[in-house]
Amino acid sequence: MKIAIPEFCLVAVVASSEAEGLAFARRHFAAGEVVSRGSEAWPATAAELLAKRELVALDLSEAAVQKQIDVIRLAKRFYAQPVAIVICAPAGSPDQRTVRGLESTGFRPAHLVSVRDADAVEIERVRLPPDLRHEHGPFDIIGDVHGCADELEALLGRLGYRVRLEGSGDDRRAEVEPPPGRRAIFVGDFADRGPRSPDVLRIAMAMAAQGCALAVPGNHDVKLVKWLRGANVRLTHGLDLTVAQLAHEGTAFREAVRDFLLALPGHLWLEGGRLAVAHAGILEGMLGRASEVVREFCLYGDTEGETDETGLVVRYHWAAAYRGETAIVYGHTPVPTAEWVNGTLCIDTGCCFGGKLTALRWPEREVVSVAAARMYAQPGRPFGHPLARPAGHRPARQRRRPRYG
Ligand code: MN
């Protein structure tokens, strides 16, 4: 029997006794990963491991629900997935109920193992999708394209990629020949506002399929996926144009777009950990982790959902407080020029608003831009980084659904 768990997570082992749970943990996990609740300092020990992005296996036999909730909170503080392994007694025990209870408390998933299989079970550790530390450049990281296919073709040309778009209707195909050894990375927001969103997606999808591009989703892409799945979303912030453009495309293409966008990891952690790419940015403690909170931050940035006088969501300048060693390249917030701030670089230079489309060549750290042919949309507010969070700032408590801007 095999149990697949994320290679970074908090595993709660639940058995009929603490001794049995600990024995299982010690058999299947490394000594340094096993945390016993027998010691007073166990929360601090577990926190220390999770902070270092190391797996924690914790015996949780006979723990009350409140204790389970504390453990979930601990996992979430470090963006670790809380999973459970329930060792069930031979017969007549309410183990399915234990499993459902743990899942409703927040352990997902909770695996059930018969005590007879407890020794033979094989724990398989699965890499988290953003953890691509084994992937190395050189890369050409490309900012928010927003349907500006003319500028994307020009920029790829400047970077040495040969792009050919041929055919029409269902036969329209993109073929891209990269410079030897190089790969592109898209920071997301492929569609909306610009005149040729389907072609932008077609180029990016062809490159990804050929293995010469990686990508993360942007907030606009997530909303587009919702529309593609039939959800009732507001056709604002340029999505109306994308929907009109997609009316000329076949079902197969739309399904391919949906599947492509859905499969993208929330962020990319690359080059042995020296480089990360996320649409709206990422905090140091979130790197290589994959919780819902991390995904939301990568899509929308540092925001609490309040809106300003323009009706757009207030964004805070997370990069102003960034002190990490990992270089972070992102988009989302249009700036007049790409400039490094504390090891972070925003490469959204507002192409769709008449700015420019920008790429960062990595590891050269050379910025390459092409000017927009024209202004395709009116910006909702002036370009530039938002203000840093004021000291002692207490944001509004309730979190509204972010608006897409
Ligand atoms: Mn954008």
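The model shown is predicted, which means the values in this text are computed figures rather than measured ones.

Regarding the overall build of the chain
Line of reasoning, step 1. Of the regular secondary structure elements, the chain holds ten helices and 20 strands.
Line of reasoning, step 2. Relative to the globule expectation of 22 Å for 405 residues, the C-alpha radius of gyration of the chain, 23 Å, shows essentially globular dimensions.
Line of reasoning, step 3. With respect to the three principal axes, the spread of C-alpha positions in the chain is 70 × 50 × 45 Å.
Line of reasoning, step 4. For the chain, buried positions account for 54% of its 405 residues.
Line of reasoning, step 5. Contacts spanning at least 24 positions in sequence make up 70% of the contacts within the chain whose residues lie at least 6 apart.
Line of reasoning, step 6. Of the roughly 18,100 Å² of accessible surface on the chain, a fraction of 50% belongs to carbon and sulfur atoms.
Line of reasoning, step 7. Averaging the coordinates of the 50 positive side-chain charges in the chain and doing the same for the 50 negative ones gives two points 3 Å apart.

Focus on the domain arrangement of the chain
One frequently used descriptor of interface size is the decrease in accessible area upon assembly of the parts.
Line of reasoning, step 1. Partitioning the chain into structural domains gives domain 1 (2–126) and domain 2 (139–371).
Line of reasoning, step 2. For domain 1 versus domain 2, the distance between C-alpha centres works out to 37 Å.
Line of reasoning, step 3. Listed by partner, the interface residues are seven residues for domain 1 and ten residues for domain 2.
Line of reasoning, step 4. Between domain 1 and domain 2, the buried area comes to about 550 Å², and carbon and sulfur atoms account for 55% of it.
Line of reasoning, step 5. Counting every contact that joins domain 1 to domain 2 gives zero salt bridges.
Line of reasoning, step 6. Where domain 1 meets domain 2, there are four residue pairs in polar contact (both at pLDDT 80 or more).
Line of reasoning, step 7. Residue composition of the side of domain 1 that touches domain 2, by class: five nonpolar, no polar and two charged.

Considerations on the packing of helix α2 (residues 42–51) against helix α3 (residues 65–77)
Line of reasoning, step 1. Packing of α2 against α3 leaves a shortest axis separation of 9 Å and a crossing angle of 30°. Accordingly, the angle class assigned to the pair α2 and α3 is roughly parallel. As for how α2 packs across α3, the hand of that crossing is right-handed. Where α2 approaches α3, its residues Trp42, Pro43, Ala46, Ala47 and Leu50 are matched on the opposing element by Lys67, Val71, Leu74, Ala75 and Arg77.
Line of reasoning, step 2. In the contact of α2 with α3, the residues fall into eight nonpolar, no polar and two charged.

Section: the pattern of salt bridges
Line of reasoning, step 1. Taken as a whole, this structure holds 21 salt bridges when the rule is applied.
Line of reasoning, step 2. When the shortest N-O distance is used, the salt bridge between Arg27 and Asp119 registers 3.7 Å. With Arg27 in helix α1 (residues 18–28) and Asp119 in the loop between β6 (110–114) and β7 (122–126), the pair connects residues that are 92 residues apart, well separated along the chain. Like Arg27, the residue Asp119 is exposed in the burial classification.
Line of reasoning, step 3. Salt bridges sharing partners connect three or more residues here, namely Asp150, Glu153, Arg172, Arg196, Asp199, Arg202 and Glu249.

A few points about the coordination of the manganese ion
Line of reasoning, step 1. Every protein donor of the manganese ion is accounted for by Asp144 (OD), His146 (NE2) and Asp189 (OD), and the metal-donor separations fall at 2.1 to 2.4 Å.
Line of reasoning, step 2. Sequence spacing of the donor residues for the manganese ion, all on one chain, is D-x1-H-x42-D. In this pair, His146 is assigned in the loop between β9 (139–142) and α5 (149–158) and Asp189 in the loop between β12 (183–186) and α6 (197–210), connecting sequence segments 43 residues apart. Taken individually, His146 and Asp189 each receive the classification buried, so the pair is uniform in this respect.

Observations regarding the pairing of strand β19 (residues 356–362)
Line of reasoning, step 1. Here β19 lies mainly inside the structure; six of its seven residues are buried.
Line of reasoning, step 2. Taken together, the six bridges between β19 and strand β20 (residues 366–371) define a ladder with antiparallel strand orientation. Note on β20: the bridge partner recorded for Lys356 is Ala371.
Line of reasoning, step 3. Between β19 and β20, which pair antiparallel one after the other, the connecting turn spans three residues, and Arg365 there sits at a positive phi close to 60°.

Things to note about α2
Line of reasoning, step 1. What α2 keeps buried is the set Trp42, Ala46, Ala47, Leu49 and Leu50. One side of α2 holds all its buried residues, which, seen down the axis, span an arc of 165°.
Line of reasoning, step 2. Residues of α2 that are buried in the fold lie against β2 (9–14), β3 (34–35), β4 (56–59) and α3.
Line of reasoning, step 3. In the stretch just after α2, Arg53 is the one whose phi turns positive, near 60°.

What counts and what doesn't
- Residues numbered from 1 in each chain as written.
- Predicted model: local features only at pLDDT ≥ 70, side-chain atom pairs only at ≥ 80, totals over all residues.
- Heavy atoms only, no water.
- Helix = DSSP H or I, 4+ residues; strand = E, 2+ residues; numbered from the N terminus.
- Rg over C-alpha atoms; globule rule 2.2 N^0.38 Å.
- Buried < 20%, exposed > 50% of the residue type's maximum accessible area, 1.4 Å probe, protein only.
- Contact = heavy atoms within 4.5 Å.
- Areas by Shrake-Rupley, 256 points an atom, 1.4 Å probe, with all protein chains shown as cover.
- Lys, Arg positive; Asp, Glu negative; His and termini not counted.
- Charge placed at Lys NZ, Arg CZ, Asp CG, Glu CD.
- Domains from an automatic or database assignment.
- Buried area = accessible area lost by both parts, 1.4 Å probe.
- Salt bridge = Lys/Arg side-chain N within 4 Å of Asp/Glu carboxyl O.
- Polar contact = N/O pair within 3.5 Å; in protein donor to acceptor, adjacent residues only side chain to side chain.
- Nonpolar A, V, L, I, M, F, W, Y, C, P; charged D, E, K, R; others polar.
- Axes fitted to C-alpha atoms, helices over the stretch in contact; angles between N-to-C directions.
- Parallel < 35°, antiparallel > 145°, perpendicular 65-115°, else oblique.
- Left-handed = near helix turned anticlockwise from the far one by under 90°.
- Donors = N, O, S within 2.8 Å, 3.2 Å for Na, K, Ca; no water.
- Pairing = 2+ DSSP bridges.
- Arc of directions from axis to C-beta.

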